[in-house]
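Fold and contact review
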Amino acid sequence: MNPILIGFIVYLFVVLIVGVIAYRRTQSQAGFVLGDRKLNGWILAFSERASGESAWLLVGLPGAALAMGFLELWTVIGCTTGILISWTFVAKRLREEVGRTDSMTLPDFLRRRYPDSSEAIRVVGSLIITFFFTFYVAAQFNGAGKVLDTTFDEMMLGLQSWVASSMGLTVETTTLGMVIGALIVLFYTTMGGFVAVAWTDVVQGIIMVFTCVLLPLIGWFEFGGSETLVPAIKQEGAHLLSVTGGESGWKAALGVIGGLSWGLGYLGQPHLLMRYMAFRSASDVRKARLIAIWWAVPAFWGAFLIGIVGLGAYGTGHFEDPERLMPFMAQTLLPGWLAGIMISGAIAAMMSTADSQLLVTTSTLSEDVIKRFFRRKATAEELAVFSRGATLVVGLLAFVLAVASTDVVFRMVSFAWSGLSAAFGPGLLLTLWWKRTSGDGVLAGMIGGTLTVVAWRLLGWDAFLTERVSGVAVAVLLVVVVSLLRPSKPSA
């Protein structure tokens, strides 16, 4: 049997067992949403990092570095800086505030903090999360399809033939890969909720950072190091060795800002903020912060170097889709069993984010919509059942979007990341640190930031300035101005 397939099957077996065990321990809504706030800090640190870095870390970022060269260095700097800022200025204070309000979701926290704007914040926040996370989960399924198709091409062709002969359907092999990835994620997320997600994130986080460190090192020495790779990149185009992409003046500045702006997103991603809310106490945050940062630095630099090594080794024209670089390098450079682990790491990156986003979306729908407006007297067990059902529905919608979309993973993630960071980042940060922030200000920032991101992408203005910058800028302005014009007193 293919040794790569054996490694992948072993990985799947581990995460599925975790899902079954977690199901037997998760029968309440609090357990499904936040694991009853009983998990250790180091588990939550790994879970936050694995969930934060989706298909784009091992598929999108290497592909972008392959296409753009050293310009993507600013993305690495922006992301690692954003992680440090989020863990320093948001994690502990958010856990302290959540402890006072006993909230289980981000919209629920904002509702309790601003009772005069509570229902509007709850509804708008829930709709925004559902909308953008559907795109985000679709990106993960899209990435899973590419990795599985590139890795197991013969098996996928056989499966394609079987589907055609037995069902009479003509399905692309990438789509079949999406089906496999989606089924795995939906199984253990639906079964075990937050506990299953957190524990599988530990396994996935270890594999991801191992892949990011080892693969570029092996490639670097295999392809001759700087003496061979640097001249090869220069031959592809001198601009690929420039940290400004060969541009100067305002074009160079916009390129740098675009990369750094990825860091803004870490302040407002609900699936990451949920980890902060799940700590047993605020005192656990400090040690977890160190683990998260030590994970992020080698992971991001390694993913970037995968793209740079691939650029020097294969050039920009070798791949029709540059996001297939990582699984191709793993199969080409490594023994089968080790390649299986590496490719499991890529799929782990997708699954660890998709499961968390599904969990946040369905928890928000059950806590902030169903419980509030339709089933006020629903028991914890009934809400947990609804959350599992909603997980399946949202996952299926994301799968349909992944099949229908023509966007690459990097671009889909950028859109969802931008929308969530603009909607929640400015309002949450100011809520935690500026006493004059009002509920109407937070609501205005949520709506204005979201509309700006959507309009910016639809009008094509992201070709000049990324919507990550414009959305956050508009949201900050609206939160501050409306808070000053329409002040309100937050609840204690």
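Residues numbered from 1 in each chain as written. Predicted model: local features only at pLDDT ≥ 70, side-chain atom pairs only at ≥ 80, totals over all residues. Heavy atoms only, no water.

Another point: the overall build of the protein chain. On a plain count of helices and strands, the protein chain comes out with 19 helices and zero strands. Here the protein chain holds 492 residues, and the buried ones make up 60% of them. In the protein chain, 85% of the contacts between residues at least 6 apart in sequence involve partners at least 24 apart. Per element, the accessible surface of the protein chain, about 19,100 Å² overall, is 67% carbon and sulfur. (Helix = DSSP H or I, 4+ residues; strand = E, 2+ residues; numbered from the N terminus. Buried < 20%, exposed > 50% of the residue type's maximum accessible area, 1.4 Å probe, protein only. Contact = heavy atoms within 4.5 Å. Areas by Shrake-Rupley, 256 points an atom, 1.4 Å probe, with all protein chains shown as cover.)

By size, the foremost hydrophobic cluster in this structure holds 99 residues, and its most contacted members are Leu57, Trp87, Leu94 and Phe300. The biggest single contributor to this core is helix H13 (residues 285-314), with 14 residues. Apart from the residues lying within four places of it in its own chain, the contact partners of Phe300 are Arg49, Glu53, Trp56, Leu57, Leu61, Val76, Cys79, Thr80, Ile83 and Tyr266. In terms of nonpolar packing, the next biggest core, distinct from the first, is built from 11 residues, Leu5, Phe8, Leu12 and Phe152 among them. (Core = buried A, V, L, I, M, F, W, Y, C linked by side-chain atoms within 4.5 Å.)

Moving on: the side chain of Thr175. For Thr175, the position within the fold is in helix H9 (residues 173-222). Residue classification places Thr175 among the buried residues on the basis of a relative accessible area of 14%. Not counting residues up to four positions away in its chain, the partners in contact with Thr175 are Phe399 and Val403.

One side chain can pair with another of opposite charge once the charged atoms of both are near each other. Under the defined criterion, the tally for this structure stands at eight salt bridges. Notably, a salt bridge pairs Arg100 with Glu97, separated by 2.6 Å at the nearest N-O pair. With Arg100 and Glu97 both in helix H5 (residues 73-101) and three residues apart, this pair spans about one turn of that helix. One network of salt bridges, with partners in common, ties together Glu48, Arg49 and Glu53. (Salt bridge = Lys/Arg side-chain N within 4 Å of Asp/Glu carboxyl O.)

A separate point is helix H11 (residues 249-260). An α-helix turns once every 3.6 residues. As a result, residues three or four positions apart point the same way. The end-to-end C-alpha distance of H11 is 17 Å, a good match for the 16 Å that 12 residues give at a rise of 1.5 Å each. Every buried residue belonging to H11 is among Ala252, Val256, Gly258 and Gly259, and all of these are buried. Down the axis of H11, the buried set is contained in an arc of 160°. They therefore lie on one face. On its buried side, H11 packs onto H5 and helix H19 (467-485). (Expected span 1.5 Å × (residues − 1). Arc of directions from axis to C-beta.)

For the rest of this paragraph, the subject is the confidence of the model for the protein chain. Caution applies to low-pLDDT regions: their predicted coordinates should not be interpreted in detail. With 79% of its residues at a pLDDT of 70 or more, the protein chain has an overall mean of 81. Mean pLDDT across the secondary structure elements of the protein chain bottoms out at helix H2 (residues 29-34), with 45, and peaks at H19, with 96. Confidence over residues 26-36 falls short of pLDDT 50; this stretch has 47 contacts with residues more than four positions distant or in other chains. (pLDDT = per-residue confidence, 0-100.)

In this section: the side chain of Glu53. Looking at the element boundaries, Glu53 is found in the loop between helix H3 (41-52) and helix H4 (55-68). Among the residues examined, Glu53 registers a relative accessible area of 0% and is labelled buried. Looking at Glu53, its side chain comes within polar contact range of the side chain of Arg49, at 2.4 Å. (Polar contact = N/O pair within 3.5 Å; in protein donor to acceptor, adjacent residues only side chain to side chain.)

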